[in-house]
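Listed here are the chains, written in short residue letters.
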Amino acid sequence: MPEGSTPPRQPIARAVDAVVIGAGFGGLYMLHRLRELGLSLQGFEAGGGVGGTWYWNRYPGARCDLPSLYYAYTWSESLSREWRWSERYAAQPEILAYANHVTDRFDLRGLIAFGTRVLSAVFDDVSGLWTVETDRGDRVTARWCVMATGCLSTPRAPQFPGEESFRGPRYHTGLWPHEPVDLRGLRVGVIGTGSSGIQAIPRMADEARQVTVFQRTPNFSLPAQNGPLGDAEIADYWARRPKYLQALKAGLPGVTAHAAGAPVPPLEEQRRVYEQMWAVGGPILIASFPNLLTDEGVNAAAADFVREKIAEAVRDPQIAARLSPHDHPIGTKRICVDTGYYETFNRPNVELVDVRAAPIEAITPDGLRTSERAYALDAIVYATGFDAVTGALLAIDIRGAGGRALREAWADGPHAYLGLAVAGFPNLFILAGPGSPSVLSNMMVSLEEHVDWVSDCVAHMRAQGLSRIDPQASAQDAWMAQVKALADNSLFPRANSWYVGANVPGKPRVFTAYIGGGYRQTCEAVAANGYEGFALA
Ligand code: NA7
């Protein structure tokens, strides 16, 4: 089956126990766990295959920004043992191959209707069932509905005047074509310097004749120090794994540079640690000290360190200055992880254009025009990000008890108890939803935790003959207040990031991730205390 085409579908069930929407890493594991419980299931996936983010984001240079060994499921030891990552930070094709391997190894493919976008999910107060409808005319009822729709799955691009007039191809990194894109000999314009742009630009500069980078806001990026994954690193992972899993069970991140409770050392020592973390590579530098994301002074020293590294990497001091972020504390926008990003600006075929100083005014037949001048381009790449966390959920017309729309319930921003469920939307679960650690955690770990919690909850309901679970509004309000208080005590709200929805015009400004510790214990305690904060019937 050529990837990207819509595969033929199995017949769709009319009524099942549970519908799972999305076949990324959350949806796949969810299907596996619910099938183990003996539930009848229907999965839906808009893409032509599994993998979610890794199905869509095929742009050159796309790879994970956590070490591959940790960006993987932990729930099956035999799966972990049999899969060998080739690089310290796996590239998109390998992660997609892993998703496909899991799908086949656990025989999940037949449960999923691919090439099928869910349009609505409506709860019926009388039957207590959800009715899910799709763009292919399917209509399925289910007791439980799991939204495994992803946090970065609704791409967004600004609409400049003249978009349609451009003579060449336009690409979005998050909707990259499935067939090879040949940039050789082309003048390529890249709009956006978030993680996607920062990963793609060096690879595009290798291939294209000219790359013009249209940067509105510079970002902090740390070197991946990527390379082949050696036997020694794998052995080290396995030696650490029991402790790592123990730490996860204890609600700790599992991988961090600092010792819990350790005081922050004097500046000179801080810089020595940053130097060490820079050499280790990946995002770990921003986990060097426990208060790096809450203490301005500690944060400023880390930011200075990275800006100095930018100045060392980029030969032209003016370009280095333009690439150096000053508008937000380091780490309060998603930290980027790159391979040769800053050095790319030393290449003669790469140009950096500051579109904060001279904004893009229009796309033209031959390229684009800023307020200063015109740029001739053969292709335009939009690395302009996503309507994060809530985008995919609100794209579906979800209606809960009494016909209330989620879009209405979340008009002033998302509200969810534990980031898992929404008051007034019974038996609907969200994986890695707003109010959970989600995008600020290792997503693989967070998804596993949520899937395990949801599975245990469904098993409990079945064992007790319960048919309905719904968070209490008071518990949800208290939880969201806690999420906000934690955020307000940190430096995160200072940045105009997608973490707060600042990248989508008109989106309510809400920091949605839970950044307190012990999240897993809290969820476990809620379950152990008879699903405290939920109404069960
Ligand atoms: P991001 O991190 O949201 O980055 C989007 C970039 O696009 C960012 O540099 C934006 O500048 C830029 N942008 C957006 N709109 C415009 C307009 N109108 N003009 C110029 N530049 C614009 O998305 P990514 O895909 O890179 O990364 C998302 C996550 O996916 C990433 O964090 C990983 O977790 C995976 P701005 O900063 O808004 O000025």
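Residues numbered from 1 in each chain as written. Predicted model: local features only at pLDDT ≥ 70, side-chain atom pairs only at ≥ 80, totals over all residues. Heavy atoms only, no water.

## A look at the packing of helix H1 (residues 25-36) against helix H13 (residues 443-464)
Right, on to step 1. One can describe the packing of H1 onto H13 by two numbers: an axis separation of 9 Å at closest approach and a directional angle of 30°. In this view, H1 runs roughly parallel relative to H13, as classed from their interaxial angle. Judged by the twist between their axes, the crossing of H1 over H13 is right-handed. Listed contacts from H13 to Phe-25, Gly-26, Tyr-29, Met-30, Arg-33 and Leu-34 of H1 are Met-444, Leu-447, Glu-448, Val-451, Asp-452, Val-454, Ser-455, Asp-456 and Val-458. (Axes fitted to C-alpha atoms, helices over the stretch in contact; angles between N-to-C directions. Helix = DSSP H or I, 4+ residues; strand = E, 2+ residues; numbered from the N terminus. Parallel < 35°, antiparallel > 145°, perpendicular 65-115°, else oblique. Left-handed = near helix turned anticlockwise from the far one by under 90°. Contact = heavy atoms within 4.5 Å.)

## Observations regarding the nonpolar core
Right, on to step 1. Formed by 129 residues in total, the largest nonpolar core has its most connected members in Tyr-73, Tyr-98 and Trp-453.
Right, on to step 2. Tallying contributions element by element places H13 first for this core, with nine residues.
Right, on to step 3. When neighbours within four sequence positions are excluded, Tyr-98 is seen to be in contact with Phe-25, Ala-72, Tyr-73, Leu-79, Trp-83, Trp-85 and Met-444.
Right, on to step 4. Formed by 25 residues, the second largest nonpolar core is a distinct cluster that contains Val-19, Val-140, Ile-396 and Leu-428. (Core = buried A, V, L, I, M, F, W, Y, C linked by side-chain atoms within 4.5 Å. Buried < 20%, exposed > 50% of the residue type's maximum accessible area, 1.4 Å probe, protein only.)

## Points about the site of the ligand
Right, on to step 1. Taken together, 19 residues lie near the ligand, and Thr-193, Ser-196, Arg-216, Thr-217 and Lys-333 sit nearest.
Right, on to step 2. Ser-196 is positioned with one of its side-chain polar atoms (N or O) 2.5 Å from an oxygen atom of the ligand.
Right, on to step 3. Within the contact set of the ligand, an oxygen atom lies 2.9 Å away from a side-chain nitrogen or oxygen of Lys-333.
Right, on to step 4. Here the ligand loses 86% of its free accessible area of 770 Å² to cover by the protein chains. (Near = heavy atom within 4 Å. Polar contact = N/O pair within 3.5 Å; in protein donor to acceptor, adjacent residues only side chain to side chain. Areas by Shrake-Rupley, 256 points an atom, 1.4 Å probe, with all protein chains shown as cover.)

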